Amino acid sequence: MAVFLASALALAAQDFRSWARQLEARGVRVSAGIWDAGTGKVLERHQDDLALVPASTTKVVSTYALLKTLKPDFTLETEVWGDLQDGVVRGDLTFKGDGDPLLTSERVWLLVQSLRKLGVQRITGGIRLDQSAFDAQKEPQGWENTTADTLPTVLALSVNFNRDEAGKLVPDPERQSREVIQRLLQEAGIAVEGRGAASEPPRKLLGWASPPLRAMVLDINKWSNNFMIEMLVRKYGAGSWPRGVKRIQEFYRTAFNLGPEVIQITDGSGLSKENRLSARTLAIILRGAYHDFEVGPEFVSSLKVIGGEPWKLKKKDANLTRRVRVKTGHLDRVISLAGYLQTLDGQARVFAIVLNGPCGDDDVWDQVSRWAN
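Residues numbered from 1 in each chain as written. Predicted model: local features only at pLDDT ≥ 70, side-chain atom pairs only at ≥ 80, totals over all residues. Heavy atoms only, no water.

A. Summary view of the pattern of salt bridges. In total, this model carries 21 salt bridges according to the counting rule given. The partner of Asp292 in a salt bridge is Lys68, and the shortest N-O contact between them spans 3.1 Å. Here Asp292 is found in the loop between α8 (279-290) and α9 (296-302), whereas its partner Lys68 is found in helix α2 (residues 58-70), with 224 residues between them in sequence. For Glu79, the salt bridge identified is with Lys204, shortest N-O distance 3.7 Å. Of this pair, Glu79 sits in strand β3 (residues 77-82) while Lys204 sits in strand β10 (residues 203-209), and the two are 125 residues apart along the sequence. When its relative accessible area of 17% is taken as the criterion, Glu79 is described as buried. Judged by relative accessible area, Lys204 falls into the partly exposed class, the value being 38%. The network of salt bridges with common partners includes Lys68, Lys71, Asp292 and Glu294. (Salt bridge = Lys/Arg side-chain N within 4 Å of Asp/Glu carboxyl O. Helix = DSSP H or I, 4+ residues; strand = E, 2+ residues; numbered from the N terminus. Buried < 20%, exposed > 50% of the residue type's maximum accessible area, 1.4 Å probe, protein only.)

Written out as structure tokens, the structure reads:
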């Protein structure tokens, strides 16, 4: 039995080496490895310290840092200000954004119902948006060479992810936000007259809380939502992308002894092709999250469950069903996976694969299938 097991392990190792070498022969750069989740022992690795473009597996880095420092119950508050007298807002009704990335039409409707309960019946002025919580920077470093229709516009107050009903980015997100808010007010019977100034200084009428961070991180990682994580990174930096990114890097320097030379990121989503992460760096963070009683359960549950929920199996291997939790990443000539898998005998593993070059999904899922089986 011992001889058979040793032979099987040797064959598996050979398969892994062959997989990596074949990819490299095609011009693909490879950083990959698998580790025991409990002990941290490396089981197989190839160039695991090689920092490559990670695509959306960058979200592993950003979402865990946010959960750990802000905590899962953290919320953001959109404020509503106006001069309310006897049911009439005299002058403008101002919505002050705080970076809530889930301010959808449905949640704006609920906010409007709360304004009705306050007694708001009419607004003599118009709808004003206060975007001052974020600075004027339009995009972070590294988005210059990324496809324009994938780049989210990130403002402190944004409605419906700054996309239209067809899911396309709108050219004037502030106009869309104002129009959605005004339409929902009018549908609720609150007239917006667009004239008249306030007679008294405006006061805070309402604070509208976002869903908790744990719910937002779940949406970010399961759906790889670039807009949501970039909103939160800007908020994390008090309105500044560079400060948000630096704060993430400082977290990893302090908590994991991973300096900025290892956490090489310029955004939180992975759209930047200037980001560089290795398989080993991703695995260190994943293993740390796995053993973090405080926020680890929220982080692990935010990952895609392959073969479960709405996710189909990338690899036609029924044995993978519900045994792989993963964050995927895709850019032009970039495929990455980072997450956890359970072996057939119930052992938990941490793994990461980052490929840069002419590669496809089969290249990563073939190896994950071998590891799992």
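B. Geometry of the sheet that holds strand β11 (residues 304-305). A sheet is described by the order of its strands in space; here six strands give the open sequence β2-β1-β14-β13-β12-β11, paired in antiparallel fashion. Across the chains shown, the open sheet's two edge strands, defined by having one partner strand only, are β2 (42-46) and β11. Pairing of strand β1 (residues 29-36) with β2 involves four bridges; the strand directions are antiparallel. Residue pairing in the sheet places Ile34 in a bridge with Glu44 of β2. Contacting β1, β13 (334-342) and β14 (348-356), α8 crosses the sheet at an angle of about 150° to β14. (Pairing = 2+ DSSP bridges. Contact = heavy atoms within 4.5 Å. Axes fitted to C-alpha atoms, helices over the stretch in contact; angles between N-to-C directions.)

C. Main features of the nonpolar core. Val61, Tyr64, Tyr252 and Phe299 are the most contacted members of the largest nonpolar core, which totals 53 residues. At the level of secondary structure, the elements contributing two or more residues to this core comprise α2, α5 (213-223), α6 (226-236), α7 (241-256), α8, α9, β13 and β14. By residue number, the principal contributor to this core is α6, which donates seven residues. Excluding its chain neighbours within four sequence positions, the residues that come into contact with Tyr64 are Lys59, Phe251, Tyr252, Phe256, Ile285, Gly288, Ala289, Asp292, Val295 and Phe299. Membership of the second largest hydrophobic core comes to 26 residues, among which are Leu111, Ile127, Val192 and Trp208. (Core = buried A, V, L, I, M, F, W, Y, C linked by side-chain atoms within 4.5 Å.)

D. Examining the sheet that holds strand β4 (residues 84-85) more closely. Spatial ordering of the open sheet is given by β4-β5-β7-β9, a layout of four strands whose pairing is mixed. A strand with exactly one partner marks an edge of an open sheet, and here the two such strands are β4 and β9 (191-192).

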